[in-house]
Amino acid sequence: MSKSVLLVEDEPNIIEAISFLLERDGWTVRIHAEGTDAVEAVARVSPDVVILDVMLPGRSGFDILRDLRNQSGTRDLPILMLTARGQTKDRELAESYGVSHFMTKPFSNEEMLGKVRELYAASAVKS
């Protein structure tokens, strides 16, 4: 069975870079670029890992993260959050909502791939 990632991101260059990197590593990557219905997209796709941007059209990644953590089916889903700002208050807010990992753009390919693999492995051990 293939490992899957839902990439909730609206920047085409970031989508292309992350998709290429993960697909080359054997991941199935699904893309969702809208914040308003991202929670529904997670439920529909049922990914192994979510990569979630902070700034999305229609809805904040923080709000999406909070909603995912408040639902029993996604409470323990590995969520890697991306931000261009990387301010301490953003990291603290994400951690208070239960983010699995918080990463600042730009990031290295090795950092992204390593963290996605690590989150997946940790969640596989729990299930």
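Reading the values: the criteria
- Residues numbered from 1 in each chain as written.
- Predicted model: local features only at pLDDT ≥ 70, side-chain atom pairs only at ≥ 80, totals over all residues.
- Heavy atoms only, no water.
- Axes fitted to C-alpha atoms, helices over the stretch in contact; angles between N-to-C directions.
- Helix = DSSP H or I, 4+ residues; strand = E, 2+ residues; numbered from the N terminus.
- Parallel < 35°, antiparallel > 145°, perpendicular 65-115°, else oblique.
- Left-handed = near helix turned anticlockwise from the far one by under 90°.
- Contact = heavy atoms within 4.5 Å.
- Pairing = 2+ DSSP bridges.
- Nonpolar A, V, L, I, M, F, W, Y, C, P; charged D, E, K, R; others polar.
- Buried < 20%, exposed > 50% of the residue type's maximum accessible area, 1.4 Å probe, protein only.

## Examining the packing of helix H3 (residues 61–69) against helix H4 (residues 88–97)
Contact geometry for H3 and H4: axes closest at 9 Å, N-to-C directions at 15°. As the angle between them shows, H3 and H4 are arranged roughly parallel. Taken as a pair, H3 and H4 cross one another with a handedness that is right-handed. Taken together, the residues of H4 that come into contact with H3 (itself represented by Phe-62, Leu-65, Arg-66 and Arg-69) are Asp-90, Leu-93, Ala-94 and Tyr-97.

## Some words on the pairing of strand E2 (residues 27–32)
Here strand E1 (residues 3–8) runs beside E2; their pairing, made up of 6 bridges, is parallel. Across the sheet, residue Lys-3 finds its bridge partner in E2, namely Trp-27.

## Remarks on the packing of helix H1 (residues 12–24) against helix H5 (residues 109–126)
At their nearest, the axes of H1 and H5 sit 10 Å apart, and the two run at 60° to each other. Comparing their axes, H5 and H1 come out oblique. Note that H1 runs across H5; the crossing there is right-handed. Of the residues in H5, those touching H1 at Ile-18, Leu-21 and Leu-22 are Asn-109, Met-112, Leu-113 and Val-116. Here the contact of H1 with H5 is built from residues that sort into 6 nonpolar, 1 polar and no charged.

## Observations regarding the side chain of Ser-4
Position of Ser-4 among the secondary structure elements: in strand E1. For Ser-4, a relative accessible area of 15% translates into the label buried. When near neighbours in sequence (up to four residues on either side) are disregarded, Ser-4 contacts Trp-27, Thr-28, Ser-46, Pro-47, Asp-48 and Val-49.

## A short note on unusual backbone geometry
Along the chain, Lys-105 connects to Pro-106 via a cis peptide bond; the corresponding omega equals -5°. Note that Pro-106 resides in the loop between strand E5 (101–104) and H5. The phi angle at Ser-46 is positive, at roughly 55°, despite the residue not being glycine.

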